[in-house]
Amino acid sequence: MEDLGSVAWPPEPIRTERLVLREPETRDRAAFIDLLASPEVHTYLGGPRPRDELERETPEAPERWPGSFVVDLDGSMIGQILLRRATGHRCPAAAGKADLGYMFLPRAWGFGYAAEACAAALGWLADALPGEPVVLTTQTANVGSMRLAAKLGFTEVERFEAWGAEQWLGMRSPVTPSG
């Protein structure tokens, strides 16, 4: 995966009705560790990383890179949105396109935060790179992620086997102005 190229980074924080999408800050370190060590979060992502390893390896100030947003609710990180360029993707249909990824702490599940944050990030991307199609890959077994993809306007391009499970590749066509 690569960054989004010509996009100016970092953008101003993106505000929604309940959330702020912003760059990572030092105060987010513990939440990043919780996110990466969570067995629930990583059920469909190859399993969690060991907490002691994360404590040793995670820098005091989490890394900042173009396309990485912290999802903040009332001043606390509840998740992460990633928008990167899909390079070297297993599916030729995805290669070179913007790729949406997301992870949320289990305590934030079920409240619509992922849909709200992803929609805001996709809106930002549509302004930053007009006409850019976006892809999303998830395991077909991840019912919640499949529902979110549909809600965000992704449609199935193909299914494939990877990492010992069936994967789903969806694409969201660029929004074009009407009239």
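In this report, we go over the structure that sits alongside the text. All values derive from a computational prediction rather than experimental measurement.

1. So, the overall build of the protein
Next up, step 1: Per the secondary structure count, the protein includes four helices and eight strands.
Next up, step 2: Taking 16 Å as the expected radius of gyration for a compact globule of 179 residues, we find that the protein reaches 16 Å, a close match to that expectation.
Next up, step 3: Sequence-distant contacts, at least 24 apart, represent 63% of the contacts inside the protein between residues at least 6 apart.
Next up, step 4: On the protein, roughly 9,300 Å² of surface is accessible, and the fraction owed to carbon and sulfur atoms is 52%.
Next up, step 5: Computed over 18 positive and 25 negative side-chain charges, the separation of the two mean positions in the protein equals 2 Å.

2. Topic: the environment of Pro92
Next up, step 1: Turning to its location among the elements, Pro92 is positioned in the loop between strand E4 (76–85) and strand E5 (98–104).
Next up, step 2: For the pair Pro92 and Thr16, spaced 76 residues apart in the sequence, the C-alpha separation amounts to 34 Å.

3. Quick word on the state of the cysteines
Next up, step 1: Following the criterion strictly, the structure yields zero disulfides and no others.
Next up, step 2: The thiol sulfur of Cys91 is not disulfide-bonded, and the nearest other cysteine sulfur, from Cys118, lies at 20 Å.
Next up, step 3: What makes Cys91 buried here is its relative accessible area of 2%.

Conventions adopted
Residues numbered from 1 in each chain as written. Predicted model: local features only at pLDDT ≥ 70, side-chain atom pairs only at ≥ 80, totals over all residues. Heavy atoms only, no water. Helix = DSSP H or I, 4+ residues; strand = E, 2+ residues; numbered from the N terminus. Rg over C-alpha atoms; globule rule 2.2 N^0.38 Å. Contact = heavy atoms within 4.5 Å. Areas by Shrake-Rupley, 256 points an atom, 1.4 Å probe, with all protein chains shown as cover. Lys, Arg positive; Asp, Glu negative; His and termini not counted. Charge placed at Lys NZ, Arg CZ, Asp CG, Glu CD. Disulfide = S-S within 2.5 Å. Buried < 20%, exposed > 50% of the residue type's maximum accessible area, 1.4 Å probe, protein only.

Worth remembering: the numbers are spatial, not functional.
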